[in-house]
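Each chain, written out:
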Amino acid sequence: MNDASWGAPPRGGYWGPPDQGRAPAAPAGPAYDEHAAQQTRPVPIVPDVPADGDQDDHDRGAARLSGPLFHDEMPQEPMPSEPPEPSRPQARSQKKQRQKKQAGRDLRAAIGVGVGLGAVIVASLFVVKAVFVGVIAVAVVVGLWELTSRLEERKGIKAPLVPLAVGGAAMVVAGYVRGAEGAWVTMALTALAVLVWRMTEPPEGYLKDVTAGVFAAFYVPFLATFVALMLAADDGPQRVLTFLVLTIVSDTGAYAVGWRFGKHRLAPRISPGKTREGLLGAVAFAMAAGALCTEFLIDGGTWWQGLLLGLAVAASATLGDLGESMIKRDLGIKDMGTLLPGHGGIMDRLDSLLPTAPVVWLLLVLFVGVG
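Residues numbered from 1 in each chain as written. Predicted model: local features only at pLDDT ≥ 70, side-chain atom pairs only at ≥ 80, totals over all residues. Heavy atoms only, no water.

1. Points about the overall build of the protein chain
The following threshold applies: Each helix is a run of DSSP H or I of at least 4 residues and each strand a run of E of at least 2, with the numbering of both proceeding from the N terminus. Each residue is placed in one exposure class: buried if its accessible area under a 1.4 Å probe, protein chains only, is under 20% of its type's maximum, exposed if it is over 50%, and partly exposed if it falls in between. Contacts are assigned to residue pairs with any non-hydrogen atoms lying within 4.5 Å of each other. Note that accessible areas follow from Shrake-Rupley with a 1.4 Å probe, and for residues the cover is restricted to the protein chains shown.
Along the protein chain, the regular secondary structure elements total 13 helices and two strands. The 371 residues of the protein chain split such that 36% are buried. In the protein chain, 68% of the contacts between residues at least 6 apart in sequence involve partners at least 24 apart. About 22,200 Å² of surface is accessible on the protein chain, with carbon and sulfur atoms providing 64% of the total.

2. Some points on the packing of aromatic side chains
To be explicit about the condition: Aromatic pairs are defined between Phe, Tyr and Trp rings, using the six-membered ring for Trp, whenever the two ring centres lie within 6.5 Å; interplanar angles under 30 degrees are classed as stacked, those over 60 as edge-to-face, and all others as tilted. Geometrically, a charge over a ring is one whose NZ (Lys) or CZ (Arg) sits within 6 Å of the ring centre while staying within 35 degrees of the ring normal.
Counted by the stated rule, this structure contains six aromatic pairs. An aromatic cluster of three or more residues is present, and its members are Trp-184, Phe-218, Phe-222, Phe-226 and Trp-361. Directly above the aromatic system of Phe-261 lies the positively charged group of Arg-260, at a separation of 5.0 Å from the ring centroid.

3. Some points on helix α8 (residues 206-231)
Short version of the rule: Each residue after the first adds 1.5 Å to the expected span of a helix. Two axes enter the bend calculation: one fitted to the seven residues ending at the residue in question, the other to the seven starting there, and the bend is the angle between them.
With 26 residues, α8 should reach 38 Å at 1.5 Å per residue; the first-to-last C-alpha distance of 37 Å fits that figure. Along its length, α8 reaches its greatest deviation from straightness, about 30°, at Phe-218, and the proline Pro-221 lies no more than four positions downstream. For α8, the tally of buried residues reaches 19 of 26 residues, placing the bulk of the element in the interior.

4. Comments concerning the pairing of strand β2 (residues 271-275)
To be explicit about the condition: Two strands form a pair only when DSSP identifies at least two bridges running between them.
Taken together, the two bridges between strand β1 (residues 265-267) and β2 define a ladder with antiparallel strand orientation. Looking across to β2, one finds that Ala-267 is bridged to Ser-271.

5. Here's the deal with the pattern of salt bridges
Which entries qualify depends on this criterion: Note on definitions: salt bridges are taken to be side-chain nitrogens of Lys or Arg within 4 Å of carboxyl oxygens of Asp or Glu.
For the structure shown, the criterion picks out six salt bridges. Across the salt bridge formed by Asp-330 and Lys-155, the nearest N and O atoms sit 3.2 Å from each other. Taken together, the residues Asp-330 in helix α11 (residues 303-331) and Lys-155 in helix α6 (residues 129-155) connect sequence positions 175 residues apart. Residue classification places Lys-155 among the partly exposed residues on the basis of a relative accessible area of 37%.

6. Quick look at the nonpolar core
The tendency in soluble globular proteins is for nonpolar side chains to be buried as a group. Operational definition: Side-chain atoms within 4.5 Å are what join buried Ala, Val, Leu, Ile, Met, Phe, Trp, Tyr and Cys residues into a set we call a nonpolar core.
Within the largest apolar cluster, 53 residues are counted, with the highest numbers of intra-cluster contacts made by Val-227, Met-230, Val-240 and Phe-243. Among the elements of the structure, α5 (107-127), α6, α7 (161-198), α8, α9 (236-261), α11, α12 (346-350) and α13 (353-368) are those that each provide at least two residues to this core. The leading source of residues in this core is α8, at 15 residues. Excluding residues that lie within four positions of it along the chain, Val-227 makes contacts with Phe-132, Ile-136, Val-240, Phe-243 and Ala-357.

7. Digging into a nonpolar patch on the surface
The following threshold applies: For patches, a residue must show more than 30% relative accessible area and have no salt bridge; joins then use 9 Å for like charges and 5 Å for nonpolar side chains, namely Val, Leu, Ile, Met, Phe, Trp and Tyr.
Nonpolar side chains collect at one region of the surface, where Val-185, Leu-189, Leu-192, Leu-195 and Val-196 lie side by side and expose about 430 Å² of accessible area between them. Within the secondary structure, Leu-192 sits in helix α7. Its relative accessible area of 47% is what places Leu-192 among the partly exposed residues.

8. Let's talk about the packing of α8 against α9
Note the following rule: Under this scheme, a helix contributes an axis fitted over its contacting stretch, all axes are lines through C-alpha atoms, and angles between N-to-C directions fall in the 0 to 180 degree range. Reported orientations rely on four angle classes, namely roughly parallel under 35 degrees, roughly antiparallel over 145, roughly perpendicular from 65 to 115, and oblique for the rest. Each residue is assigned to one class: nonpolar for Ala, Val, Leu, Ile, Met, Phe, Trp, Tyr, Cys and Pro, charged for Asp, Glu, Lys and Arg, and polar for all the others, Gly among them.
It is at 7 Å that the axes of α8 and α9 come closest, and there the two elements cross at 140°. Between α8 and α9, the angle falls in the class oblique. For the pair formed by α8 and α9, the contact residues are Val-227, Met-230 and Leu-231 on the first element and Gly-236, Pro-237, Arg-239, Val-240 and Phe-243 on the second. Residue composition of the contact of α8 with α9, by class: six nonpolar, one polar and one charged.

9. What to know about the environment of Pro-272
Looking at the element boundaries, Pro-272 is found in strand β2. Those residues within four positions of Pro-272 in sequence are excluded, and the remaining contacts are Arg-265, Ala-267 and Arg-329.

10. Comments concerning the confidence of the model for the protein chain
The test is simple: pLDDT is a per-residue confidence score from the predictor, ranging from 0 to 100.
Per-residue confidence for the protein chain gives a mean pLDDT of 80; residues scoring 70 or more make up 70%. Scored below 50 in pLDDT, residues 49-80 shows 23 contacts in the model against residues more than four places distant or in partner chains. Low confidence marks residues 99-103, where pLDDT is under 50. Its contacts with residues over four positions away, or in another chain, come to one contact.

11. Some words on the environment of Ser-271
For clarity, the threshold we go by: N or O atoms within 3.5 Å of each other form a polar contact, as long as, within protein, one can give a hydrogen and the other can take it, and as long as residues adjacent in sequence are counted only when both atoms are side-chain atoms.
Mapped onto the elements of the fold, Ser-271 is located in strand β2. Judged by relative accessible area, Ser-271 falls into the buried class, the value being 11%. Taking the C-alpha atoms as reference points, Ser-271 and Ser-325, 54 residues apart in sequence, are found 6.4 Å from one another. A distance of 3.0 Å separates the side chain of Ser-271 from the side chain of Lys-274, its partner in a polar contact.

12. Describing the side chain of Ser-250
Looking at the secondary structure, you find Ser-250 in helix α9. For Ser-250, a relative accessible area of 1% gives the class buried. With residues up to four places along the chain from it excluded, the contact list for Ser-250 reads Ala-282, Ala-286, Val-313, Ala-314 and Ala-317.

13. Focus on the side chain of Thr-356
As for its position among the elements, Thr-356 is in helix α13. With relative accessibility at 0%, the residue Thr-356 sits in the buried group. Excluding residues within four positions of it along the chain, Thr-356 makes contact with Phe-243, Thr-247, Val-313, Ser-316 and Ala-317.

14. Focus on the environment of Thr-318
Of note, Thr-318 is situated in helix α11. Given a relative accessible area of 14%, Thr-318 falls into the buried group. Dropping the residues within four chain positions of it, Thr-318 is found in contact with Leu-266 and Leu-279.

The following block contains the structure:
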């Protein structure tokens, strides 16, 4: 099929009647008016093309499609999205900005806050046990405040904070004084207080509010009570220190190995930043730390028990981190709070510790007894 079948213009001249393709030839002699000839010219003058039948039509089609429609015939201009190559100082500055952006947090503030919290914990842990119980209670109350505040802001769920805060602090104290039995009884009373407290408000949303309240009571203070149970043992400070060290080492190993070697995502729908390689790093670091801690800190502990303890801590800490990420994704937030610069909120630091506490308490009881 040639060009004529697609509506090609008739042959001759400028793809139309012969008298429209070119300006008339200038008449000989002085009578020729050049200005008038320019005024009557209908279209621009185009180069002569050979008039050789179908080949002429083909050349006309090529002439019609040429020009700005073809990118290779357009003048090449520099791409606006390609900035000039920066100088070395500018490159270093941009690299630092990218690294800071990738980290997502202020590293100096995070280190400073972490060191400060560690000093408070160690000082209270090895000086007076009761002071450390107070530290746990304060962390529980602040964590409950953050969780209930985000639930109300993002979901409109009004979990009653007053009975949760009072019951949560009492739960920690009861666990330290009366053991596991005291913790269970206080948990039941706290859940009952949540049900009754919410009755003072209209019934709309009652079920979701009390459900969220009972969940918050279990998630924050009840799990934190197992730290108080560890503390109540004769070698309680050493047990709590082992619990803290293993959890922190597990998180550190996951971050270090995942940042350097991470390629396969662990749970992309929940936390895209976590990788399988990072999980292996958490296991390796936690098992090594567990062998050292049980050998030198725990009375009657052995290195192989520490290996099992480290493996369990790596699993529970990772699941706790993923669980907290799931909650924050459902709420549509990045952090639970802004109380700790470089870290977020208290709940953002307790995400791995809370589910790990009952695991460490139970394994230490099985390995070396209540103490």
